[in-house]
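So you can see what is in the structure, the chains are spelled out below.
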Amino acid sequence: MPDALSTGRRVLFWVFALLALPTGLLAGLVILLIVGGQRMSAPAPDWPALLASAAVLGLLAWAYRLATGGRPVAASLWVVACWVLFVTVMLINGLMHQTLWN
């Protein structure tokens, strides 16, 4: 019978996986769209989105190593940090290249 600590870590690992999977899919999709020639926004350059997506994938890889190393809470916090990074870069990039300020 597994002890409570290992069961708790296993549950937290799956929480991490549920958070990280859509994050990684979104970052990968952004990279594929940009490399495939689809522009994210007409007035904004694509390189900030590309760099942010690559950084998110790198941070997710590091978070996976944390999660498999027995630290799923820290890994989940890294996923949240990925969200903050991604949203911040996209928001700043969009606002910097906004042509119409109502």
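See the structure printed just above.
First, a word on what this report is: a plain description of the structure on this page. Residue positions are counted from 1 within each chain, in the order its sequence is given. With the structure being a predicted model, the display of local features is reserved for residues of pLDDT at least 70 and the display and counting of side-chain atom pairs for 80 or more, all residues being used for whole-chain, interface and lining totals. Heavy atoms from the whole structure form the basis of all side-chain values; hydrogens and water molecules are not counted.

1. Some thoughts on the overall build of the chain
Then comes step 1: Helix and strand assignments follow DSSP, with helices taken as H or I runs no shorter than four residues and strands as E runs no shorter than two, numbered in order from the N terminus. When helices and strands are counted, the chain shows three helices and zero strands.
Then comes step 2: Sequence-ordered secondary structure for the chain, helices as α and strands as β, is α-α-α.
Then comes step 3: Relative accessibility under 20% of the residue-type maximum defines a buried residue, over 50% an exposed one, and the middle range a partly exposed one, all with a 1.4 Å probe and only protein chains included. Out of the 102 residues belonging to the chain, those deemed buried represent 26%.
Then comes step 4: Put simply, the chain shows about 6800 Å² of open surface, and 75% of that area lies on carbon and sulfur atoms. All accessible-area figures derive from a Shrake-Rupley calculation using a 1.4 Å probe, and residue coverage is judged against the displayed protein chains alone.

2. Re the nonpolar core
Then comes step 1: In terms of nonpolar packing, the biggest core is built from 17 residues, with Phe-16, Val-56, Leu-60 and Ala-75 touching the most fellow members.
Then comes step 2: Of all the secondary-structure elements, those providing two or more residues to this core are helix 1 (4–35), helix 2 (47–68) and helix 3 (72–96).
Then comes step 3: Non-local contacts of Leu-60, meaning those with residues more than four positions away in its chain, are made with Ala-20, Thr-23, Gly-24, Val-79 and Cys-82. Buried residues of nine kinds, namely Ala, Val, Leu, Ile, Met, Phe, Trp, Tyr and Cys, make up a nonpolar core once their side-chain atoms join them within 4.5 Å. Residue contacts are defined here by distance: any two heavy atoms, one from each residue, within 4.5 Å place the two residues in contact.

3. Points about the packing of aromatic side chains
For any two aromatic rings, the description comes down to two numbers: the centre-to-centre distance and the angle of the planes.
Then comes step 1: Each aromatic pair joins two rings of Phe, Tyr and Trp (for Trp, the six-membered one) with centres within 6.5 Å, and gets the label stacked for planes under 30 degrees apart, edge-to-face for over 60, and tilted for any other angle. This structure, assessed with the given rule, holds three aromatic pairs.
Then comes step 2: Judged by centre distance (5.7 Å) and plane angle (80 degrees), the ring pair of Phe-13 and Trp-14 falls under edge-to-face.
Then comes step 3: Given a relative accessible area of 54%, Trp-14 falls into the exposed group.

4. Looking at the side chain of Ser-76
Then comes step 1: By secondary structure assignment, the location of Ser-76 is in helix 3.
Then comes step 2: Here Ser-76 falls in the buried class, since its relative accessible area comes to 13%.
Then comes step 3: Apart from residues lying up to four places away in sequence, Ser-76 is in contact with Leu-12, Phe-16 and Leu-19.

5. Observations concerning the packing of helix 2 against helix 3
Then comes step 1: Between N-to-C directions, angles span 0 to 180 degrees; the directions come from axes that are lines fitted to C-alpha atoms, helices contributing only their stretch in contact. In contact at an axis separation of 8 Å, helix 2 and helix 3 are set at 175 degrees when each is read in the N-to-C sense. For the element pair helix 2 / helix 3, the angle class is roughly antiparallel. Residues Pro-48, Ala-49, Ala-52, Ser-53, Ala-55, Val-56, Leu-59, Leu-60, Trp-62, Ala-63, Leu-66 and Ala-67 of helix 2 lie in contact with helix 3, whose contacting residues are Pro-72, Ala-74, Ala-75, Trp-78, Val-79, Cys-82, Leu-85, Phe-86, Val-89, Met-90 and Asn-93.
Then comes step 2: Throughout this entry, Asp, Glu, Lys and Arg are counted as charged residues, while Ala, Val, Leu, Ile, Met, Phe, Trp, Tyr, Cys and Pro are counted as nonpolar. The remaining residues, Gly among them, count as polar. Counted by class, the contact of helix 2 with helix 3 contains 21 nonpolar, two polar and no charged residues. Roughly parallel covers angles under 35 degrees, roughly antiparallel covers those over 145, roughly perpendicular covers 65 to 115, and oblique covers all other angles.

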